[in-house]
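# Summary of structural features
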Amino acid sequence: MLPAPRRRPLAPFVLLLLSTLVLATAAIHAQAPPSPPTVDAAADADATDASAEAAPPDDRIVFRVRIDDAQGGGQAEGRAGEFDYREGQYLVATDNVELRYRDLRLRADRLEVDIPTQQVIAEGNVVLDEGPQRLSGDLLDYDLEKRTGRVVNARATIGADYFFSGRVVEKLGDADYRVEDGTFTSCDPESPAWRIQLGSADVTLEGYARIRNARMRFGNVPVFYLPYLLWPAKTTRTSGLLIPKPGYSSRRGAHLGMAYYQTLGRSADATFYADLYSEEYFGGGVEVRYRPSENTVGQIEGYYISEPDDVDIDEFNVPFDPSREPGDPRWKLEWQHVTENLWNHFRGVIDYRDYSDLDFQRDYERDASNQTRAFVYSNAYLSGNIGQHSLNLLVDQRERVLRGDARDIRRQLPEFEYRLRPTRIGNTPIYAEVDTSLHAFRVEVGEETADWQRADIAPNISVPLSTLPWLSVKVDLGGRFTYYSDSFTSGTTELGGNTLERSLGAAGVEIVGPSFSRIFDLNGSRFSKLKHLVEPRIEYAYISDFDEQDEIPTFDEIDRFLPVNGLLFTLTQRFIAKPRPKAPEKDDAASTDADDAEAGEDAEGEAAAAEAALDEGAFEIGSFSISQGYSLDDELPGQRSRDGDLTTDEGPINLQLRINPSRAVSVKADARYNTLFNEFEQYSLSGGVGLGKYNGIGFSYLTRLNAESMNRSSEQARLSTQIGLVPGKLELTTEMSYDLRASELLQQRYFLTWKGSCYTVQLEYRASRLGAGDDQETDRDFRFSLSLKNVGTFLDLTGSAN
C-alpha cells in the first residue's frame, strides 16, 4: 500500500470529522433506555474507597442502563448531578453529565432524550470522544429515527495532527453533510499559526466535497482565495487536486505550481505537475510510484520545460554542455526500481537517468552535488549470493561532455561477473577464490564509435601459515588472464588491431604481527581502561609485466594492471578506551565479598577479565599508522623525477592520524612525504565536532603539490556549521568552500530555518563560482520556502541577487 501524496488534499479532515459524527450518533441511538435505569448504590460507595483519597469525592448519581440486543446490546453507564427518567417519555440528566457506551464517551451540561420522537439534545460544553477522535460543541441536536442532525459551534480533533471547527455541521442523509463557516489547521487550535477557512461545503462521503470560498490565512493575514473547489472525500488514497504552490524566480518570474494526484489501484499512483511562469517558461511532468509487493518498489519521474527563444544560457555560468541552443526544449527522465529477494537469492536494481543536456541539473536542481556533476550515470543490475558464490549482471552508461561539443558516452552492454569467495578446499588449510567477468563495451566520442569485448579470469590460492592471535602469515598465489576482441593499432589510440591475450602472474605474502597489546587501568574521570595495541605489517606483492600494455583499450581498473615487485611496511598503533560507568550502589557486605573474590584470581584470570570488560562499550580514541613501500626491481622505481633521471627504490612515506577523544569529536590527518625530493606532496585534515544536540562543526582541508617543482596543483578548504540559535526552533547552517591556491571563495551557502509546531520556514542564500568563467560574476541567489504540517511545501520563492 502506497503512502499518501506529499501535498495532502483538504478532504481528509472534513471526512474524518463527519465520520466521527456518524459513529457518535449511532452509538447514542443505541443508548435509548428500554427499561427504567437503576441507581447503583455500590457505585456511590466506590467513591469513598482508598483510591479516592487523592481526589475530591464525586457526589454525582451513578446510573446504568441495559441495552436490548435489538438496539445494539451492552450497557451504558453514566453520572450526573441530577437525573430524571419516565418510562416511554423522556430521559433527562443535568449537572456535569457523563455517559459511557463501549468506546464512546459523551459529556455535557445537560442531556435530554425525547423517547416518542427519538430526539437527542445535548447542551453546554458538549464533548464526544471516540478513540483518538474528539468532537465538541455547544449543542448537539440529533434525530435517532432519521439519523440526521447538527452540531453547533463544532470543534473536532482527529488524531494528533488535524483540528477542525465549524459554526454548524449538519448531517442531511446517510452520506450527505453540510459544513458552514469551517476552519482547518494542523496547528494548536487555540492560536493557530495558519488556518484554512471554508465558507461552506457540501460533502458526500465516498464522493466529493464542493467547497465554496476557501481562504488561507497566516495569523490574520490572508494568503490566497479560491471561490470554488471540488475535492474528493474518500477514506482511502484518493484522486484529486493538490494544494497549489506559488513561487517566484528572478529568472523565470512569478510561478504557480499545480498538481493532480491520481490513484492507480492499491499499489500505484501518479502525480501530474504543471508549472506556469510569467517569463514565458512552461513546465509539466509526471511522477509514478508503484509497490506491487513488499519486495518491490519503484518510481518513474519525467519532467519537461520550455524556455523562451531569447534566453541567455551564458548569463550565470559557462555551460557544461555547449551544444545547447537557446529555446531548446529541456527535460529529464528518471527511473528507480528495487526488487529484493528475487528467487530468494537475488536483488534487482534499476537506476536510470537521462537529461536533454548536462546543464539541466545545475539550472533546475538545488543540491550542490547535482549542480556541479559533469556527467550522468545510469545502471541496472541483478546480483545475488548463493553460498560462497556471487553473481552479477550489469548494464550501465556514463555520459560526459568533452571540450567543444563532443560527448563521451561509455557503456557496458552487458557485464557478467562470477566470484567464488575464499573457500576452503576439503580439510586442507588451502583456500581458493576466483573472479571472472565477461564484458561488451561501447565507447562513443563525438561521431566516432568503438565496440569490443573482454573476458577476464583471476584465480587465487591462499594458504595461511599461522593463525596465532598475535601473528598472522598468509601466502597468495594467482594470476590473471584477459582476452580482448580488439586492440589499438601500433602507436595509436584507435581500434583496428588484432585480438589480444594478456597473461599475468601474481604472488603475495602478508605478515601481520607479532602484535603487542597492554591494558591500563585509569584513574581519570572519563575512562576506566585503556588498551594500547601495536601492530606491524609486512606485505609483498608481485605482478608480472606485459609487453603490449600500450595496445590495450582501457575502460576500467582491470585494464590498468601494471607490474609490481615490492614490499610495503606498515606500523599501526591503536588506542581503545572504555568510558567509566556510573558507580552502582552496593552495600558493605556485597563489596567485601566482591573484593575477596577479586583478590583470589590469578594473573591469567585478571587479564582475561580485563579484556572482556574492555570489549563492552569501548571505542577507539586514537590511532597512528606509518607506511612505506620499497621496490625490488630496478626497472620499477618507487619514485622518479619527471624526466626520469632521478629514481629511488623507496616509495613515499604515508602517515595517518586519527583522534576521537569522544563519540562527538573526530579528527583525521593524512600526509604523503616524497623521499626523493624530501618534501610533502599531499596532506589533508578533516573532522567534525558535535556541540550538543543542536550544534556542530565539520571541516576539511586538502592540498596537493609537485614535490619536484614545489608548485601547488590544488589547495581547498571546506567548512560547515550548524548552530542552534534557539534550540529546537531556530537553526543556522552554513557551507563554505574556499580555493586557497586562487584565493577565491568557490561557494557559500547559508540556511536559516525556523521550525514551528506546525510549519517550517527556511531562508537560503547561495553565492557560487562553481562552473563560472574568469570573466563572469559570482552566481548569487536566494530562496524562501514555507512548508506546512500535513500539507507540504506551500510557498517557494527563488531569486537572483545579481
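Residues numbered from 1 in each chain as written. Predicted model: local features only at pLDDT ≥ 70, side-chain atom pairs only at ≥ 80, totals over all residues. Heavy atoms only, no water.

Right, let's talk about the overall build of the protein for a bit. Tallying secondary structure elements over the protein gives six helices and 45 strands in all. When each of the 802 residues of the protein is scored for burial, the buried share is 38%. In the protein, the proportion of contacts linking residues at least 24 apart, taken out of those at least 6 apart, comes to 48%. Summed over its atoms, the accessible surface of the protein is roughly 42900 Å², and 52% of this surface lies on carbon and sulfur atoms. (Helix = DSSP H or I, 4+ residues; strand = E, 2+ residues; numbered from the N terminus. Buried < 20%, exposed > 50% of the residue type's maximum accessible area, 1.4 Å probe, protein only. Contact = heavy atoms within 4.5 Å. Areas by Shrake-Rupley, 256 points an atom, 1.4 Å probe, with all protein chains shown as cover.)

For the structure shown, the criterion picks out 10 aromatic pairs. Aromatic side chains Trp343 and Phe346 sit 6.0 Å apart centroid to centroid with 80° between the ring planes, which places their arrangement in the edge-to-face category. Considering the side-chain rings of Tyr750 and Tyr765, the 6.5 Å spacing of their centres and the 25° angle between planes classify their relative orientation as stacked. With Tyr750 in strand β42 (residues 744-755) and Tyr765 in strand β43 (residues 759-768), this residue pair connects regions lying 15 residues apart in the sequence. (Phe/Tyr/Trp six-rings, centres within 6.5 Å; stacked < 30°, edge-to-face > 60°.)

This part covers the pairing of strand β30 (residues 516-521). The two faces of a sheet get side chains in turn, since along a regular strand they alternate between them. For β30, the tally of buried residues reaches only zero of six residues, placing the bulk of the element at the surface. Here β30 hands over to strand β31 (residues 527-543) after five residues, the two strands then running antiparallel side by side. (Pairing = 2+ DSSP bridges.)

Together, Ile300, Tyr304, Trp331, Leu333, Trp335 and Tyr352 make up a nonpolar patch on the protein surface, roughly 500 Å² of accessible area in all. Elements that contribute at least two residues to the nonpolar patch include exactly β20 (296-306) and β21 (330-342). At three residues, β21 tops the list of elements feeding residues into the nonpolar patch. Considering the arrangement of structural elements, one finds Ile300 in strand β20. (Patch = residues over 30% accessible without salt bridge, like charges linked within 9 Å, V, L, I, M, F, W, Y side chains within 5 Å. Salt bridge = Lys/Arg side-chain N within 4 Å of Asp/Glu carboxyl O.)

Right, let's get into the state of the cysteines. Scanning the entire structure with this criterion turns up one disulfide. Sulfur-sulfur distance for the disulfide between Cys187 and Cys758 comes to 1.8 Å. Between Cys187 and Cys758, the disulfide has an S-S torsion of 85° and is therefore right-handed. Of this pair, Cys187 sits in the loop between β11 (176-185) and β12 (194-204) while Cys758 is found in the loop between β42 and β43, placing the two residues 571 residues apart along the sequence. Taken individually, Cys187 and Cys758 each receive the classification buried, so the pair is uniform in this respect. (Disulfide = S-S within 2.5 Å.)

Looking at the protein, the pLDDT average stands at 79 and 77% of residues meet or exceed 70. Segment residues 4-54: pLDDT under 50, and 123 contacts once partners within four positions in sequence are set aside and those in other chains are kept. (pLDDT = per-residue confidence, 0-100.)

Throughout the structure, instances matching the rule amount to 31 salt bridges. A salt bridge links Asp202 to Arg178, with the nearest nitrogen and oxygen atoms 3.1 Å apart. Of this pair, Asp202 sits in strand β12 while Arg178 sits in strand β11, placing them 24 residues apart in sequence. Arg178 sits in the partly exposed class, given a relative accessible area of 32%. Between Glu307 and Arg330 there is a salt bridge; the shortest N-O distance is 3.0 Å. In this pair, Glu307 is assigned in the loop between β20 and β21 and Arg330 in strand β21, connecting sequence segments 23 residues apart. The structure contains a network of salt bridges with shared partners spanning Arg60, Glu98 and Arg105.

Within the secondary structure layout, Ser356 lies in the loop between β22 (346-355) and α3 (360-364). Relative accessible area serves as the criterion here: at 18%, Ser356 is assigned to the buried category. Leave out the neighbours within four places in its chain, and Ser356 touches Pro329, Arg330, Trp331 and Arg407.

The next subject is a negative patch on the surface. Side chains of Glu279, Glu280, Asp309 and Asp310 sit close together on the surface and give a patch of like negative charge. Along the chain, Glu279 turns up in the loop between β18 (268-277) and β19 (282-293). (Lys, Arg positive; Asp, Glu negative; His and termini not counted. Charge placed at Lys NZ, Arg CZ, Asp CG, Glu CD.)

Turning our eyes to something else, we now look at the environment of Ser378. Checked against the element boundaries, Ser378 lands in strand β23 (residues 375-386). A relative accessible area of 9% means that Ser378 is categorised as buried. A sequence separation of 28 residues divides Ser378 from Ile350, and the C-alpha atoms of the two residues are 8.1 Å apart. A distance of 2.7 Å separates the side chain of Ser378 from the backbone nitrogen of Arg353, its partner in a polar contact. (Polar contact = N/O pair within 3.5 Å; in protein donor to acceptor, adjacent residues only side chain to side chain.)

The next point concerns the nonpolar core. Judged by nonpolar contacts, the single largest core of 40 residues is most densely connected at Leu111 and Trp194. When residues no more than four places from it in sequence are discounted, the contact partners of Leu111 are Leu91, Val92, Ala93, Val97, Leu99, Leu106, Val120, Ile121 and Ala122. Among the nonpolar cores identified, the runner-up in size contains 10 residues, and Ile305, Leu358, Val376 and Val401 belong to it. (Core = buried A, V, L, I, M, F, W, Y, C linked by side-chain atoms within 4.5 Å.)

Time to look at the pairing of β22. Relative to β22, β21 is paired through nine bridges, and the arrangement is antiparallel. Within β22, the position partnered with Leu333 by the bridge is Asp354. Hairpin connection from β21 to β22: three residues lie between these consecutive antiparallel strands, with Trp343 at a positive phi of about 55°. Bridge count for β22 against β23 is six bridges, and the pairing is antiparallel. When the bridges of β23 are listed, Arg347 appears paired with Ser383.

As a further point, take unusual backbone geometry. Cis peptide bonds are those with omega within 30 degrees of zero, and the linkage from Leu413 to Pro414 qualifies with -5°. Mapped onto the elements of the fold, Pro414 is located in strand β25 (residues 407-424). Note that the residue after Gly513, namely Pro514, is joined by a cis bond; omega there is 0°. As for its placement among the helices and strands, Pro514 is situated in the loop between β29 (500-512) and β30.

Within the element layout of this structure, Val297 appears in strand β20. A relative accessible area of 36% places Val297 in the partly exposed class. Once the C-alpha coordinates of Val297 and Val338 are considered, the two residues, 41 residues apart in sequence, prove to be 5.6 Å apart. Beyond its immediate sequence surroundings of up to four residues, Val297 is in contact with Tyr290, Arg291, Gln336, His337 and Val338.

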